[in-house]
Amino acid sequence: MEIKKTNTIKSSIKTHDHPYLKDAWIPNYDEYEVNDLKALGDIPKDLEGAYYRNTENQVHEPIGRFHPFDGDAMIHSINFDNGKANYVNKFVKTEGFLVEQEMGKSMWAGLMERTGSSKLPGWGAQGGIKDSSSTDIIVHAGEPLTTFYQCGEGYQLNPYSLDTKQKASWVPVGGVSAHPKVDLSTGELLFFNYSKQSPYLNYGVVDKNQNLKHFVPIELPGPRLPHDMAYSKNYSIINDLPLFWDQEMLKKGIHATRLHDLPSRFAVIPRYGNPEDIKWFEADPTYVLHWNNAYEMGDELILEGYFQEHPWPENYVDAPPGLERMMAFLDFSLLKPRLHRWKFNLKTGATTEEDICNETIEFGVINQRIAGLEHKYTYSMVPTKGHFTFDGITKHDHQKKSFTKYIFPEHIFISEVSFAPKTNGIDEDDGYLVTISNDVREKSSSCLLFDAKNIEQGPVCDIPLPHQICSGTHATWAQKSDLKS
Ligand SMILES: [Fe+2]
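Residues numbered from 1 in each chain as written. Predicted model: local features only at pLDDT ≥ 70, side-chain atom pairs only at ≥ 80, totals over all residues.

## A few points about the overall build of the protein chain
Working step 1: Along its length, the protein chain carries 4 helices and 33 strands.
Working step 2: Scaling as 2.2 N^0.38, a compact globule of 485 residues should have a C-alpha radius of gyration of about 23 Å, and the protein chain matches this with 21 Å.
Working step 3: Summarising its shape, the C-alpha atoms of the protein chain cover approximately 60 × 55 × 45 Å along the three principal directions.
Working step 4: Counting across all 485 residues of the protein chain, residues that qualify as buried make up 49%.
Working step 5: Of the contacts made within the protein chain by residues no fewer than 6 positions apart, 57% connect residues no fewer than 24 positions apart. (Helix = DSSP H or I, 4+ residues; strand = E, 2+ residues; numbered from the N terminus. Rg over C-alpha atoms; globule rule 2.2 N^0.38 Å. Buried ≥ 20, exposed ≤ 12 C-beta atoms within 10 Å, placed from the backbone. Contact = placed C-beta atoms within 7 Å.)

See the structure below:
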């Protein structure tokens, strides 16, 4: 094993007492390459591909109040092949990152400040903030693509070196939101973007060769804040939920979210459908950050995600002054999301919905090989009370209507898991859950593998990494066969 520090980027940060700039959220500035990582336990030979983790790293002293989603994207990858694993981490060299490196300071204010506080024109639906590309990472057309929740450019990376190659050429004016979806059965990428201008939302399809094949408006009654979308074999599902910017405050340039007295609405559109093909469905008011899957059964389209009981929480008690709202919206124990299903009857237009479980969980994954079709298993993250980190994993078995759970000791947090299928796997859960731990007591991180068939036994392999890795939001897995060589 050879640990090579390949680069340290210039940082000018002095703030250390912010709750999201310490402990599990200490930013990383060093870039490493490690070949042939030493593991505690054998690295499975039936694991071929890469786990990519996007993280949030504030590089310079923030302009005004800092929100953890303002941090610059650093990608960490662990690449598995024939019982060996390599590690690489690198910043995504976004336009904003490069300008701030050049200037040696922050040029853009973050999510919590007025858009006019930035020193340069910015990006995003809110406007005027930096496209840090630090929200999600997916793999499309053989290459990792990083995205930004406020709608940004989409940056393509070399799958092995993680060098930033270019902005994705298909991304329309108005950008791409955090969660484009790749249908592995066709290689298509489905996405939406949203903005403060009519029609407020657009939906698109990109083919496996990165050509934008379809792009249509989905007209909404006003600016909305959708975070994720879902798809089944034949349909895409876009949401219009009642948590969005207060219109009166917006006139004063303040982006404050409020829960409105409106139902949840869902636009169901055929994959290549036009606005006139959209079927709208209504459901109980809530906010949903993430959807796990959708599938068709008879006349019904079934959607699984996390229904928030309190999408507009009370202020966070004991937050530092000015951070009460931010900390409340980052505390899942206040939002109380629970695993939920919506059933849209495509014939009658009726919606029925039900809770699957009362546990507070979010950030779900399934075996992506069967996305768009009925799934048997959902893996979810168990959030930390009071803080935007994760303590454990649950696995729901939808046939047995049961779930299992694994919880880490108090000082260990983990990144969003991805499901990595075994190379010769047959069952839906023949695979591994891959994650990166963040041990705040030991100040260290490991890549951990769980046997997806039995998560309760804990990690089956622990691969120590050369440094403690900052928290972030999303991660993904790609099979070796789906990566450009
Ligand atoms: Fe997300």
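That was the structure; now back to the text.
## Here we look at the sheet that holds strand β22 (residues 337-345)
Working step 1: Reading across from one edge, β20-β21-β22-β23 is the order of the 4 strands in this open sheet, with antiparallel pairing throughout. Every interior strand has two partners, whereas the edge strands, β20 (291-297) and β23 (351-355), have only one. Recorded for the sheet is a direction-independent mean angle of 25 degrees between the axes of neighbouring strands.
Working step 2: Relative to strand β21 (residues 300-308), β20 runs antiparallel, the two being bridged by 6 bridges. For Trp-291, the partnering residue across the bridge sits in β21 and is Gly-305. (Pairing = 2+ DSSP bridges. Axes fitted to C-alpha atoms, helices over the stretch in contact; angles between N-to-C directions.)

## Side note on the environment of Phe-419
Working step 1: Tracing the chain through its elements places Phe-419 in strand β29 (residues 418-421).
Working step 2: The class for Phe-419 is buried, based on 22 C-beta atoms found within 10 Å.

## Describing the nonpolar core
Working step 1: Among the nonpolar cores identified, the biggest contains 115 residues, and Tyr-51, Ile-237, Ile-238, Val-268, Leu-433 and Val-434 are the most heavily contacted of them.
Working step 2: In contact with Leu-433, other than residues within four places in its own chain, are Tyr-379, Ile-393, Val-417, Phe-419, Phe-450, Ala-452 and Ile-455. (Core = buried A, V, L, I, M, F, W, Y, C linked by C-beta atoms within 7 Å.)

## Some words on helix α1 (residues 95-103)
Working step 1: Listing the buried residues of α1 in full gives Gly-96, Phe-97 and Glu-100. All buried residues of α1 project into a common sector of 100 degrees when viewed along the axis, lining one side. Facing away from the buried side of α1, by more than 90 degrees, are the exposed residues Leu-98 and Glu-102.
Working step 2: Buried positions along α1 lie against β4 (72-81) and β5 (84-91).
Working step 3: Trailing α1 by a residue or two, Gly-104 shows a phi angle of about 75 degrees, which is positive. (Arc of directions from axis to C-beta.)

## Considering the environment of Ile-254
Working step 1: Following the sequence through the fold, Ile-254 ends up in the loop between α2 (247-251) and β17 (257-259).
Working step 2: What makes Ile-254 exposed here is the crowd of 12 C-beta atoms within 10 Å.
Working step 3: As a C-alpha pair, Ile-254 and Thr-389 span 135 residues in sequence and 28 Å in three-dimensional space.

## A closer look at the pairing of strand β13 (residues 212-217)
Working step 1: Relative to β13, strand β12 (residues 201-206) runs antiparallel, the two being bridged by 5 bridges. Bridge pairing in β13 places Tyr-203 opposite Val-216.
Working step 2: Taking the residues between adjacent antiparallel strands as the criterion, β12 and β13 are bridged by 5 residues, where Gln-210 takes a positive phi near 70 degrees.

## Section: the sheet that holds strand β6 (residues 136-140)
Working step 1: Taking strand neighbours across the sheet as the criterion, the 4 strands line up as β6-β7-β8-β9 in an open arrangement whose pairing is antiparallel. Looking along the sheet, the strands with just one partner apiece sit at the ends: β6 and β9 (164-167). Mean inter-strand twist for the sheet, computed between neighbouring axes without regard to direction, equals 30 degrees.
Working step 2: Two elements, strand β8 (residues 155-157) and β9, share 3 bridges in a ladder whose sense is antiparallel. Within the sheet, the bridge partner assigned to Leu-157 lies in β9 and is Thr-164.

## Structural notes on the pairing of strand β25 (residues 377-383)
Working step 1: Among the 7 residues that make up β25, 7 are buried, leaving the element largely enclosed by the rest of the structure.
Working step 2: One ladder, built from 2 bridges, connects strand β24 (residues 362-365) with β25; its direction is antiparallel. Residue pairing across strands places Glu-362 opposite Met-381, the latter belonging to β25.
Working step 3: Of the pairings in the sheet, the one linking β25 to strand β26 (residues 390-397) comprises 7 bridges and is antiparallel in character. What sits directly across from Tyr-377, in β26, is Asp-397.

## Examining the environment of Asp-240
Working step 1: Turning to its location among the elements, Asp-240 is positioned in strand β15 (residues 235-240).
Working step 2: Note: C-alpha distance between Asp-240 and Glu-282 (42 residues apart in sequence) is 9.5 Å.
Working step 3: Here Asp-240 is in contact with Leu-220, Arg-224 and Arg-265, once residues within four sequence places are set aside.

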